[in-house]
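# Summary of the model geometry
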Amino acid sequence: MNFLRRGSSAPESAVSDEPAEAEDVVAVGARRNQTAGKGRPTRSRRDAEGRSRGPVAPAPKTQREAMKRAKSLRGDKTERRKASADRRKRMMAGDDRVLPVRDRGPVRAYVRDLVDSRRHLMGLFMPLAILIFVTVVIPIPNIQNIGSLLCLCMLAAMVVEGTLLGRQISARARAKFPDEDIRGFSMGWYAFTRATQIRKLRMPAPRVSPGTAVD
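On a predicted model such as this, the values are computed, not experimentally measured, just so you know. (Residues numbered from 1 in each chain as written. Predicted model: local features only at pLDDT ≥ 70, side-chain atom pairs only at ≥ 80, totals over all residues. Heavy atoms only, no water.)

Attention now goes to the nonpolar core. Grouped burial of nonpolar side chains is what soluble globular proteins tend to show. V111, V115, I169 and I182 are the most contacted members of the largest nonpolar core, which has 20 residues in total. Secondary structure elements with two or more residues in this core: helix 5 (106-116), helix 7 (141-176) and helix 8 (184-196). Per element, the largest residue contribution to this core is 6 residues, and it comes from helix 7. Ignoring anything within four residues of it in the chain, the contact list for I169 reads V111, L114, V115 and A191. (Core = buried A, V, L, I, M, F, W, Y, C linked by side-chain atoms within 4.5 Å. Buried < 20%, exposed > 50% of the residue type's maximum accessible area, 1.4 Å probe, protein only. Helix = DSSP H or I, 4+ residues; strand = E, 2+ residues; numbered from the N terminus. Contact = heavy atoms within 4.5 Å.)

A word on empty space enclosed by the protein. Evaluation of the coordinates by the stated rule reveals 1 cavity of 30 Å³ or more. Estimates place the volume of the largest cavity at around 60 Å³. By residue class, the composition of the lining of the largest cavity is 2 nonpolar, 2 polar and 3 charged. (1 Å grid on protein atoms, 1.4 Å probe; cavity = no way out; pocket = protein on both sides within 12 Å on 5 of 7 lines; lining within 4 Å. Points joined across faces, edges and corners; volume = space filled by probe spheres on them. Nonpolar A, V, L, I, M, F, W, Y, C, P; charged D, E, K, R; others polar.)

The subject of this paragraph is helix 4 (residues 77-93). Between its first and last C-alpha, helix 4 extends 24 Å over 17 residues, near the 24 Å set by a 1.5 Å rise per residue. A positive backbone phi angle near 85° is found at G94, which sits one or two residues after helix 4. (Expected span 1.5 Å × (residues − 1).)

Turning our attention to the state of the cysteines. Within this structure, the stated rule accounts for 0 disulfides. No disulfide involves C151; its sulfur sits 9.3 Å from that of C153, the nearest cysteine. On the accessibility criterion, C153 (47% relative accessible area) is partly exposed. (Disulfide = S-S within 2.5 Å.)

Time to look at the side chain of R112. With respect to the helices, strands and loops of the structure, R112 is situated in helix 5. As a buried residue without a salt bridge, R112 has its nearest oppositely charged side chain in D103, at a separation of 4.3 Å. Beyond its immediate stretch of four places on either side in the chain, R112 contacts L99, D103, Y190, R194 and P204. (Lys, Arg positive; Asp, Glu negative; His and termini not counted. Salt bridge = Lys/Arg side-chain N within 4 Å of Asp/Glu carboxyl O.)

Together, F125, M126, I132, V136, L152, L155, I198 and L201 line one region of the surface with nonpolar side chains, adding up to about 710 Å² of accessible area. Mapped by element, the contributors of at least two residues to the nonpolar patch are helix 6 (125-137) and helix 7. Summarising the element assignment, L201 is placed in the segment after helix 8. In this structure L201 comes out as exposed when scored by relative accessible area, which is 58%. (Patch = residues over 30% accessible without salt bridge, like charges linked within 9 Å, V, L, I, M, F, W, Y side chains within 5 Å. Areas by Shrake-Rupley, 256 points an atom, 1.4 Å probe, with all protein chains shown as cover.)

This part takes up the packing of helix 5 against helix 7. At a minimum axis distance of 10 Å, the contact between helix 5 and helix 7 shows a crossing angle of 135°. Relative to helix 7, the element helix 5 is oriented oblique. Between helix 5 and helix 7 lies a crossing whose hand is right-handed. Contacts between helix 5 and helix 7 involve Y110, V111, L114 and V115 from the first element and I169, R172, A173 and K176 from the second. Taken together, the residues of the contact of helix 5 with helix 7 sort by class into 6 nonpolar, no polar and 2 charged. (Axes fitted to C-alpha atoms, helices over the stretch in contact; angles between N-to-C directions. Parallel < 35°, antiparallel > 145°, perpendicular 65-115°, else oblique. Left-handed = near helix turned anticlockwise from the far one by under 90°.)

Distances and angles like these do not, on their own, reveal function.
Spelled out as structure tokens, the structure:
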């Protein structure tokens, strides 16, 4: 009986060992395939883009050396001035590619034309600020009182004019561009700040003359 039991258990152990050995062979083969597929270390981003490392410049030892290096990196002064002048010229012409974000788009261009097509009392804002400064400096009470009263009246008139202008321009902009999301306060404030600037200092430069009809 014992002989029969040993004989019957021997094949079972042999059968049970074969799948384990097969699994080990598969695992080793998979690892070999993984390593064989790559066979080299991963390249860095610099090497993949074909950029050479090259020697790194030493840090500047003095402030003068640092300023000299920064100046060399900025390039030629003549070229910088030329690029700046070209950029300003394009901004004055109203090129959207160089304008600030708040001035871009056909809606803002239309609002600027509406503001530039008429004269505003708000255009005297900067001269009024100078007048206020002068009345404060002059040590004469009568002149200070008259100047303060005049400035308050002009400021009140500017606020009323700016409010009416903002509402009117927002309404016309919505009618002109019905598909655009136009916010009344934002557009009115943009028109107000444009109108308070002296005409020759406005950026972009006015495209229409005062009295021109803008549709």
